[in-house]
Amino acid sequence: MATNQEDKAIQAASETIVEETELGYQVFNAPDESVLHQHDTDRIPQFDVTQEMLDDAGEDPESWLMFGKNYEAHRYTTADVITPENVDGLELEYEMEVGANSSMEGSPVIVPGDPPVMYQTNGPSHVKAIDAREGEVLWSYTYPAPEDAVLCCDDNNRGVAVWEDKVYMTSLDSGVQALDRYTGEELWYTSTADYKEGYSATWAPIVYDGKLFTGSAGGEYGVRGFHCCIDAETGEELWRMHPCPEEEYIGDSIKQSGGTNWMSPTLDTERELLYFNVGNPSPDFNGTVRPGPNRNTCSTIAVDIHTGDVVWSHQESAHDIWDYDSAMQRMLIRDVEIDHLDYSGDIVYNAGKTSWSYTMHPDTGDLLVRGEPLTQQLNFMRQVPHVEEEREYVMLPGLLGGQDWQPASYSPETGLCYHKVLNTPHSVAWRNEEYRPGEKFWGGIVDVEPDEEDIPDEYNGHISCIAAVDPTTGQVKWRDWIDSDRYLWGGSMTTSTGLLFAGTQNGQLVAYDAEDGERRWEFDLSDKAVSGDPVSWYDPDTEKQYVAIQVGGSGFVGRGPRGDRLAVFSLAK
Amino acid sequence: MGETYKPRVTARDRERLAADLGTPEVSADGEATFADLRAAVAAGADPQFASMGAAIRADLRGQLDAERIDEALAGLDEQLRRAEEVREVGVPERVGKGDAGVPEAYRELIAPVWEAYDHLVEVGFFESLSSNLPAFTPEHIDGTARGLLTADALATDLADVGFDERERTALLMDVVNNDTRLSRWVPTADIPEGVEFNVDYVPPLYHRAVGGGLLWVKSLDRHLVQKEILLTEDVLDDAFWRAKAILGGVAVFLRAARDVASDEPEQTDEQLVAGLSGGAAITIVNQEELMREAYWLTEEKRAPTRAR
């Protein structure tokens, strides 16, 4: 087995540096060409990941086949070895240094088999196949991220999609790279936009019925967001939609409208709709140059999977001037009873940077429930002052939310949704600022560490929390405040046995009792923040349930030091 | 409902308005009414405004289709006369799934405007205004308010389509009392060197003002239907008034645009500038207030929930 130092692809990823420049974050020292290093690729069981497997992914305890576990994005495993009663026996099975000292925000994908194969990504655009049982790299691949790509918020890569014999990864230059999942060899690459205009890609795509769905990032760079559907076999683009419609913008403001879609969508296989998360308008803070509600920014949009037509949209922050993206991957929860509305049926659910949760009708987007705030809301939804006013406007939630991109989870057992949210005050002001394609375009200034005297007296001082919400009432059922000088980042996972797993910015992996929020188990992983999203699977050959999580800070946005670890825990039956 | 949607105009507001305009307290109780203010402000010649108005006419001579603007105005007037029917409905019932199932109520009010609006965009009307009109400085706003008072647009034309005395006073206050807010809407050409927006992507100020106002009204149907659980009668009142006020601003603006198109102008050059600037200013202030009052529905503002 080659070490990381001998693996050329891991070496290329680890030598790649991301630094803040005047333009934003930039990639340096990336390889000029893609690098593939193959190890024991014969160990990968050769069978198609079928559509049936993907359709049943939510119920399968032996796999984690897509970013959100199932198309409904519940992040819920039916593997049932680990329970509240025995979780204290959970032990570290193995850990790896994955190479790139990156933001580590992703969810590994687990294809079942003998052995199960993990596809793990980290920034910038690095993926590897791992024997999930032994923790050994089978092949690794580093995409040649261009050095003139600029990023607002780190070199994230949050995961892959798998389908048949392929694995798909978004690339920082706003493309999708298809690889042979047995060998790591390149099959096709499709560029979805010109990264020199500010576009990038950071999320895990999803695949359904031979169609791959991928979005756009770059809302801080004055781009116009889009989402496109690609033939998963050939890489041919099948349709493209823009969340922001031209007729809802004034003149050429549409060209820098923002409204990017920078996290994975959720799929409703019955209605054949995609539910998208949509980000902020551009520029972030000066709304006078983009008048109107800036339709579909900071929204959920429901899109026909065959045509890309928008069926409905629901906006959380009209004419947003606070950078309140709505990035959380939506959840589709079926057969819900909402007593006070006498409603019975499916719901689409998410929480936003506003700190509210939103329960929507899946056919209309009509708001059924708006939940109680997950965090404090102070100086909230008020006009952002111009810098000339010399008035400190410290608002809470700050720019990072509330609920930002962090993937939430749902438990059918408790009926609750679980969120990792930020209770951080930020100061903002707007000013006129020039936009040049490819450059940072905020239209204002931000202070993420406002002076103490400018922070509202009512601020409770808790920077973050993990909270459980009943989506039928919006009630916050329990909340665990977590304090640190870093931001709480990353996602969570529920189990059919009543546990909630979540990493913290203080380096711990915690297993909560999902019902009442009691901490049942904690493991100190590192002095680095845990910014990854836990995943789990059961291996029938070892009769163990595994839990994997990536460890590392999202060093820039999350304040924490970056890391490059993958930790895998296990518990035998 | 009914009278409840009316804008709040206090005695203190009227006093401030009179003070801002430099008019004496003309009514017996010390509260200047719109008619009092109009009577007290003499129509005076403002050479700068006159020059601007003449330049706009010269710039656009022969390019505007008076008939299209007339049709829009006639349609808008008709809609304004029946506007309260929309408030009486409150939140309309859905007629189907998705965005397509949202009934058109507010969108009907603005339906007559679009063709004329598109025409103004096509002929470069808004670019011309950018070339010939200054920023919303206190001086320009002062001149605009005086021009509005001496012209018929606010005093007579809007009265004819259902804006009562208090509403017209409120619209005048929107212009007079908001110079700082209006000055934030910077004309593209006035943006200082080094901090410019890309002029190719930022529309002209007057286009942003009028078009933005229309987009806010256009969005109301969907907003009200989707957010019904959050709405109170106060929010509905505010939403209706702000929408009506935006349409009032558009009507004032279009009347001035029609005068530019006319072979036999009815407005002086000063009044023309006042109509364009005043109409745009009204749309700016009221779209921001519509957003603040009816869209940003904080916990304090929302209807009590039955869920918890």
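Presented here is an overview of the structure given in this document. (Residues numbered from 1 in each chain as written. Chains lettered and ligands numbered in written order. Predicted model: local features only at pLDDT ≥ 70, side-chain atom pairs only at ≥ 80, totals over all residues. Heavy atoms only, no water.)

**Examining the overall build of chain A**
Check the secondary structure of chain A and you find two helices and 40 strands. Against the 2.2 N^0.38 benchmark of 25 Å for 573 residues, chain A shows a C-alpha radius of gyration of 22 Å, consistent with a compact globule. Dimensions of chain A, computed from the C-alpha atoms along their principal axes, are close to 65 × 50 × 45 Å. Partitioning the intrachain contacts of chain A with sequence separation of at least 6 by distance along the chain shows that 62% fall at a separation of at least 24. Taking the average place of the 38 positive charges on the side chains of chain A and the average place of its 103 negative ones, the gap between the two points comes to 2 Å. (Helix = DSSP H or I, 4+ residues; strand = E, 2+ residues; numbered from the N terminus. Rg over C-alpha atoms; globule rule 2.2 N^0.38 Å. Contact = heavy atoms within 4.5 Å. Lys, Arg positive; Asp, Glu negative; His and termini not counted. Charge placed at Lys NZ, Arg CZ, Asp CG, Glu CD.)

**Section: helix 8 (residues 125–132) of chain B**
Because each turn of an α-helix spans 3.6 residues, side chains separated by three or four positions end up pointing in the same direction. Residue and element names in this part refer to chain B. Within helix 8, the full set of buried residues consists of Phe-125, Phe-126, Ser-128 and Leu-129. Projected down its long axis, helix 8 carries its buried residues within an arc of 155°, all on one side. Here the buried face of helix 8 lies against helix 3 (47–60), helix 7 (114–122), helix 13 (205–226), helix 14 (233–261) and helix 15 (269–295). (Buried < 20%, exposed > 50% of the residue type's maximum accessible area, 1.4 Å probe, protein only. Arc of directions from axis to C-beta.)

**Details of the sheet that holds strand 11 (residues 160–163) of chain A**
Residues and elements named next belong to chain A. The strand order 11-12-13-14 describes an open sheet built from four strands, whose pairing is antiparallel. On the outer flanks of this sheet lie strand 11 and strand 14 (186–191), each paired with one strand and no other. Taken pair by pair, the neighbouring strands of this sheet meet at an average axis angle of 20°, ignoring direction. Bridge count between strand 11 and strand 12 (residues 166–171): four bridges; the pairing is antiparallel. (Pairing = 2+ DSSP bridges. Axes fitted to C-alpha atoms, helices over the stretch in contact; angles between N-to-C directions.)

**Structural notes on the interface of chain B and chain A**
Facing 43 residues of chain B, the contacting portion of chain A comprises 58 residues. Buried area between chain B and chain A, summed over both chains or domains, comes out near 4300 Å², and the portion from carbon and sulfur atoms is 57%. The interface formed by chain B and chain A includes six salt bridges. The shortest N-O distance in the salt bridge between Glu299(B) and Arg370(A) comes to 3.1 Å. Linking chain B with chain A are 25 residue pairs in polar contact (both at pLDDT 80 or more), by the criterion used here. For the side of chain B that touches chain A, the elements supplying multiple residues, two or more each, are helix 13 and helix 15 of chain B. (Buried area = accessible area lost by both parts, 1.4 Å probe. Salt bridge = Lys/Arg side-chain N within 4 Å of Asp/Glu carboxyl O. Polar contact = N/O pair within 3.5 Å; in protein donor to acceptor, adjacent residues only side chain to side chain.)

**Examining empty space enclosed by the protein**
Where empty space is left can be seen by rolling a probe of water-molecule size over the atoms. Tallying each qualifying case throughout the model produces four cavities of 30 Å³ or more. For the largest cavity, the calculated volume is near 250 Å³. In terms of lining, the largest cavity is formed by 20 residues, of which the most central are Gln315(A), Ala318(A), His223(B), Lys227(B) and Tyr295(B). No other element matches helix 13 of chain B, which puts four residues into the lining of the largest cavity. For the lining of the largest cavity, the residue count by class is nine nonpolar, five polar and six charged. The calculated volume of the second largest cavity comes to roughly 40 Å³. What lines the second largest cavity is simply Leu54(A), Leu65(A), Met66(A), Phe67(A), Val160(A), Ala161(A), Val162(A), Pro205(A), Ile206(A) and Val207(A). (1 Å grid on protein atoms, 1.4 Å probe; cavity = no way out; pocket = protein on both sides within 12 Å on 5 of 7 lines; lining within 4 Å. Points joined across faces, edges and corners; volume = space filled by probe spheres on them. Nonpolar A, V, L, I, M, F, W, Y, C, P; charged D, E, K, R; others polar.)

**Details of helix 4 (residues 66–81) of chain B**
Residue and element names in this part refer to chain B. The end-to-end C-alpha distance of helix 4, which contains 16 residues, comes to 22 Å, matching closely the 22 Å that a straight helix rising 1.5 Å per residue would cover. Along helix 4, the residues that are buried comprise Ile-69, Ala-72, Leu-73, Gly-75, Leu-76, Asp-77, Gln-79 and Leu-80. Contact partners of the buried residues in helix 4: helix 5 (83–89), helix 6 (106–110), helix 7 and helix 14. The backbone nitrogen of Glu-67 has a side-chain oxygen 3.0 Å away, supplied by the residue at the start of helix 4, namely Asp-65. (Expected span 1.5 Å × (residues − 1).)

**Topic: the sheet that holds strand 16 (residues 211–214) of chain A**
Residue and element names in this part refer to chain A. Across the sheet, which stays open at both edges, the four strands sit in the order 15-16-17-18 with antiparallel pairing between neighbours. Pairing within the sheet leaves two strands with one partner each, and these edge strands are strand 15 (206–208) and strand 18 (237–241). Looking at each pair of strands side by side, their axes are set apart by 20° on average, direction ignored. Sheet analysis places strand 17 (residues 227–231) next to strand 18, joined by four bridges and oriented antiparallel. Opposite Cys-229, over in strand 18, you have Trp-239 as the bridge partner.

**Some points on the environment of Tyr538(A)**
All names here are of chain A. If you trace the backbone, Tyr-538 turns up in strand 38 (residues 535–539). Classification of Tyr-538 by relative accessible area gives buried; the value is 12%. For Tyr-538 and Ala-318, which are 220 residues apart along the polypeptide, the C-alpha to C-alpha distance reads 44 Å. Setting aside residues up to four positions removed in sequence, Tyr-538 forms contacts with Pro-61, Glu-62, Ala-79, Val-81, Glu-543, Lys-544, Gln-545 and Lys-573.

**Section: the environment of Trp481(A)**
Residue and element names in this part refer to chain A. With respect to the helices, strands and loops of the structure, Trp-481 is situated in strand 33 (residues 476–482). Along the backbone, Trp-481 and His-462 are 19 residues apart, and their C-alpha atoms lie at a distance of 6.4 Å. Sequence-distant contacts of Trp-481, that is, excluding residues within four places in its chain, are made with Asn-423, Asn-460, His-462, Ser-464 and Cys-465.

**Brief notes about the state of the cysteines**
All names here are of chain A. Counting across every chain of the model gives zero disulfides over all chains. Take Cys-465: it sits in no disulfide, and the sulfur closest to it among the cysteines is that of Cys-417, at 15 Å. In this structure Cys-465 comes out as buried when scored by relative accessible area, which is 0%. (Disulfide = S-S within 2.5 Å.)

**Here we look at the packing of aromatic side chains**
Counted according to the given criterion, the structure contains 28 aromatic pairs over all chains. Residues Tyr71(A) and Tyr208(A) carry aromatic rings whose centres are separated by 5.4 Å and whose planes lie at 85° to one another, so their mutual orientation is edge-to-face. Of the two residues, Tyr71(A) is situated in the loop between helix 2 (51–55) and strand 4 (76–77) and Tyr208(A) in strand 15; the sequence distance between them amounts to 137 residues. Their ring planes at 35° and their centres at 6.1 Å tell us that Tyr324(A) and Phe380(A) sit as a pair that is tilted. You can see Tyr324(A) sitting in the loop between strand 22 (310–315) and strand 23 (331–338) and its partner Phe380(A) sitting in the loop between strand 26 (367–370) and strand 27 (394–395), a full 56 residues away along the chain. Take Tyr324(A): its relative accessible area is 2%, and that puts it in the buried class. One aromatic cluster in this structure is built from Trp322(A), Tyr324(A), Trp356(A), Phe380(A) and Trp296(B). Taking NZ or CZ as reference, Arg370(A) lies 3.4 Å from the ring centre of Trp356(A), over its face. Over the face of the ring belonging to Phe34(B) we find Arg168(B), whose NZ or CZ atom lies 5.2 Å from the ring centre. (Phe/Tyr/Trp six-rings, centres within 6.5 Å; stacked < 30°, edge-to-face > 60°. Lys NZ or Arg CZ within 6 Å of the ring centre and 35° of its normal.)

**Observations concerning the side chain of Ser103(A)**
Residues and elements named next belong to chain A. For Ser-103, the location among the structural elements is in the loop between strand 5 (91–102) and strand 6 (109–111). There is a polar contact of 2.5 Å between the side chain of Ser-103 and the side chain of Asn-156. Setting aside its immediate chain neighbours within four residues, Ser-103 contacts Asp-154, Asp-155, Asn-156, Ser-531, Gly-552, Gly-553, Ser-554 and Arg-562.

**Quick look at a negative patch on the surface**
All names here are of chain A. A surface patch of like charges, here negative, comprises Glu-52, Asp-55, Asp-56, Glu-59 and Asp-209. Secondary-structure assignment places Asp-209 in the loop between strand 15 and strand 16. With a relative accessible area of 47%, Asp-209 lands in the partly exposed category. (Patch = residues over 30% accessible without salt bridge, like charges linked within 9 Å, V, L, I, M, F, W, Y side chains within 5 Å. Areas by Shrake-Rupley, 256 points an atom, 1.4 Å probe, with all protein chains shown as cover.)

**Observations concerning the nonpolar core**
Formed by 121 residues in total, the largest nonpolar core has its most connected members in Phe125(B) and Leu172(B). Looking at this core, the element that brings in the most residues is helix 14 of chain B, giving 18 residues. Among all residues touching Phe125(B), those that are not within four sequence positions of it are Leu60(B), Leu64(B), Leu120(B), Phe253(B), Ala257(B), Val260(B) and Leu276(B). Of all hydrophobic cores here, the second largest spans 53 residues; its members include Ala129(A), Tyr143(A), Val162(A) and Leu212(A). (Core = buried A, V, L, I, M, F, W, Y, C linked by side-chain atoms within 4.5 Å.)

**Details of the pairing of strand 14 of chain A**
All names here are of chain A. Inspection of the sheet shows strand 13 (residues 175–180) paired to strand 14 by five bridges, in the antiparallel sense. Following the sheet pairing, Gly-175 is matched in strand 14 by Ser-191. Connecting strand 13 to the antiparallel partner strand 14 that follows it, the hairpin turn spans five residues, and Gly-184 within it adopts a positive phi of roughly 80°.

**Quick word on the pairing of strand 25 (residues 357–360) of chain A**
All names here are of chain A. With burial as the criterion, each face of strand 25 is covered, one bearing Ser-357 and Thr-359 and the other bearing Tyr-358 and Met-360. Judged from the four bridges that link them, strand 24 (residues 343–351) and strand 25 form a sheet pairing that is antiparallel. Each bridged residue has a counterpart across the sheet, and for Asn-350 the counterpart in strand 25 is Tyr-358. From the end of strand 24 to the start of strand 25, which pair antiparallel, there are five residues, and Ser-355 there has a positive phi angle of about 80°. If you look at the hairpin formed by strand 25 and strand 26, you'll find six residues sitting between the two strands, and Gly-365 has a positive phi there, around 80°.

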